[in-house]
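Architecture at a glance
Read off the chains here:
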Amino acid sequence: MTTTAADHQPASGSPSSAGKATEPTDENIWLEEVYGEEPLAWVREQNARTEDLLEDADYARLESRILEVLDSTDKIAMVGKHGDWYYNFWRDGQNPKGLWRRTSWDSYRSGSPEWDVLLDVDALAAAEGEEWVFHGANFLRPSAGEPHRLALLALSPDGGDANRYREFDVETRTFVDPASGGFDLPTAKGNASWLDRDTLLVASTAEGMPKTSSSYARTAVRLPRGGSLASAEQVFEIPEDHMMALVAHDSTPGYERTFAMDWISFFNRNTSVLRDGEWVVIDAPTDVNLSVHRGWLLFRPQGEWEVNGTTYPAGSLLAADFDGYLAGSRELQALFTPDAHTSLQSWSWTRNFLLLNLLRDVSSEIRVLDPERPGTDSAWASSLLDACPPLHDVNAFAVDDEDDSVALDEEHDDDDGTGGTVPVPEGEAPGAGDDFWLVATGFTTPSTLTRGTLRRSGDGGVVSEHAVIRTSPSYFDDSAYEVQQHFAVSDDGTRVPYFQVASRDLVLDGQNPTQLSGYGGFEVSRTPAYSGAIGRAWLERRTDAPGGANGGPAHARGGVYVVANIRGGGEYGPSWHRAALQEKRHRAFEDFAAVARDLISRGVTSKERLGCVGGSNGGLLVGNMLTRYPELFGAVSCGVPLLDMRRYTKLSAGYSWIAEYGDPDVPEEWEFIRTFSPYHLLHDGVDYPETFIWTATSDDRVGPVQARKMAARMQAMGIPNVWFHEALEGGHAGASDNRQAAALQSRSQHFLWRSLAGRADG
């Protein structure tokens, strides 16, 4: 299963430790020096070679069209409410690094907001000589009656996961000078939370601070204004072999609490609350996810959980009184119970209600729960929010559950272009406390932003009155395409859903260029989503009219886009995810291959016309398609990937994913991990698909070295049509601004089109 016979031997000069699996010889270990002079010279040579291949006139047109989508000033400016203001971060052609800005509700709903720019990141980068990437803002809760003024801004110097936290004053529009006591934390991985105006809780990997084996923070400190991390009081610590430490303060008035989390592994954690100066662990299995809202403690178990003789299935949502549970009560209320078709994806609290975002066979369903009224199918009364068309992704979340201000006006302009109004009545809570946002999208449906208000009805249910606030424009002729859902049958008989987006006049002759995308890991769900880039780069492109099957007439056609909902993901909850963990990883690959075969058997495409694409864990997925199922694909686009599963735990943040894949240092676990380690599954004499491997130097999550080594090994073996490109900045996303994102997407899309369909006709 490996490249050469030598790969079965321990690495030269590196005998395995007692009890550890041996490491195969790795001729490309020199490429693991991320910023080494020789590895970067190799990268630049590869980049030039790939750019010479791909960056032709068709590529230039494609990149321009994708950049037009990303830079569009007509896209929805999503906002978050803090106090009386609505905040937004915006990138476009004039502001590639972005603007952090705010506006009032009246201005935002007008359709032509007047934005108050707080920070111009391009100007900041130019002034400080640093390529800053904005990663968000964390506001200090002000005193009652005062406006939100101070925030910690997270700024990354290269788009990676490490951030520099700097205190910012939104009234003066300046950073608070560290010389005057302003908080300015050195660039590192970790988190920072306001304890009060003059104190932060910080978990950090800054110089001198302990790290875990996963490269995350191991300790947390209480940092006073004007103090240093080195001298700050340590308040929390975890073992080195655990994944990370996090600390956070909940400043909700009347429910002030401080929490610490010992993230043992990716799916196991202990949460503690500070009481009388001591950490009190909340007693629950480590694989039960916890969240707190005011007086409620919510539980979502990842596996079955038995409490007081009742067994709750994985993926349930349970509630308990917070203080009562800590005092020893185990009275749980079941708010959601999954079934074979339905899973809980997320939830959000308004002032008085709980919004549940569900998937039913990968289509959205939203329910509103009322804690004040008993239900029939759940402990709390449940009402269906009628806002979810089939084969769409719709998510509901609170506008500002703590808004106790004067109620919103009873009439709002509806902004749908008709000039009419819709009522937005005062809810059970004053102000926007029971208001919610609704974001809906589909493969051929541009995103729509709706705002509504929840209130109790006389019949015991909850009703919503809402209005469309914004709709994104169409970037391709979406009316020419239809979305279908199909189910493939995997090797063990499991039905695996997938979405197919294709022209309404699709000819089932096996000649359609088809792009199959998937992920299948970490309980991440792949749901319908509108993409102007996919529309322009794939659906609307046209072949040079190849002949049809069996000598049929020539037929110019566009691409078919497919998303597979394979095991390892979260489309059907934790059980769907756990079905492909560690020694069962092969099921994710079998599911994906089953979808590929189904597309071929249905006449949608053929091996020569079928390509696959995936990034990160999805890069591992398509790396296994390349090495385990080369007979099914004509091309593979593999991005920011895991590929060397023998050394992944020693690279970047890889140690933190042992819970997902297993520990390759343990001989028994390496025996199954080696079966899905693409770097060790290459053989001489195999007809491999055309391959494009892409990554980013500044990716500090997976890192660029696994991609480098895979491309180097394939090229050294003489495998033809293996291409590599490494962006020199951009982090794990591979891009830190729209132009970089357009270039990244264009390379991948253009590579697949050239490989599967030939050159575009314009």
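Refer to the structure above for everything that follows.
The present account deals with the structure reproduced in this document. (Residues numbered from 1 in each chain as written. Predicted model: local features only at pLDDT ≥ 70, side-chain atom pairs only at ≥ 80, totals over all residues. Heavy atoms only, no water.)

Side chains on a regular strand alternate between the two faces of the sheet. By the criterion of burial, strand β37 (residues 560-564) is predominantly enclosed, with 5 of the 5 residues buried. Across the two faces of β37 the burial is the same, with Val-560, Val-562 and Ala-564 and Tyr-561 and Val-563 all buried. Summarising the sheet, strand β35 (residues 495-503) and β37 pair through 4 bridges and their orientation is antiparallel. Paired with Phe-499 across the strands is Val-563, a residue of β37. Sheet topology places strand β36 (residues 514-517) next to β37; 4 bridges connect them, and they run parallel. Among the inter-strand pairings, Gln-515 is bridged to a residue of β37, identified as Tyr-561. (Buried < 20%, exposed > 50% of the residue type's maximum accessible area, 1.4 Å probe, protein only. Helix = DSSP H or I, 4+ residues; strand = E, 2+ residues; numbered from the N terminus. Pairing = 2+ DSSP bridges.)

Quick look at the sheet that holds strand β15 (residues 257-265) now. With antiparallel pairing, the 4 strands of this open sheet are ordered in space as β14-β15-β16-β17. Each edge of the sheet is formed by a strand with only one pairing partner; in this case those strands are β14 (244-250) and β17 (278-281). Averaged over all pairs of adjacent strands, the angle between strand axes in this sheet comes to 30 degrees, irrespective of strand direction. Note that β14 and β15 share 7 bridges and pair antiparallel. Bridging from a neighbouring strand, Val-247 pairs with Ala-260 of β15. (Axes fitted to C-alpha atoms, helices over the stretch in contact; angles between N-to-C directions.)

According to the stated counting rule, one finds 34 aromatic pairs in the structure shown. Ring centres of Phe-522 and Tyr-661 lie 5.8 Å apart, and the angle between their planes is 85 degrees; this geometry places the pair in the edge-to-face category. Of this pair, Phe-522 sits in the loop between β36 and α6 (532-539) while Tyr-661 sits in helix α10 (residues 658-661); the two residues are 139 residues apart in sequence, bridging distant segments of the chain. Over the aromatic face of Tyr-216 sits the side chain of Lys-189, whose NZ or CZ is 4.8 Å from the ring centroid. The ring of Trp-437 carries the charged tip of Arg-451 above its face, separated from the ring centre by 5.3 Å. (Phe/Tyr/Trp six-rings, centres within 6.5 Å; stacked < 30°, edge-to-face > 60°. Lys NZ or Arg CZ within 6 Å of the ring centre and 35° of its normal.)

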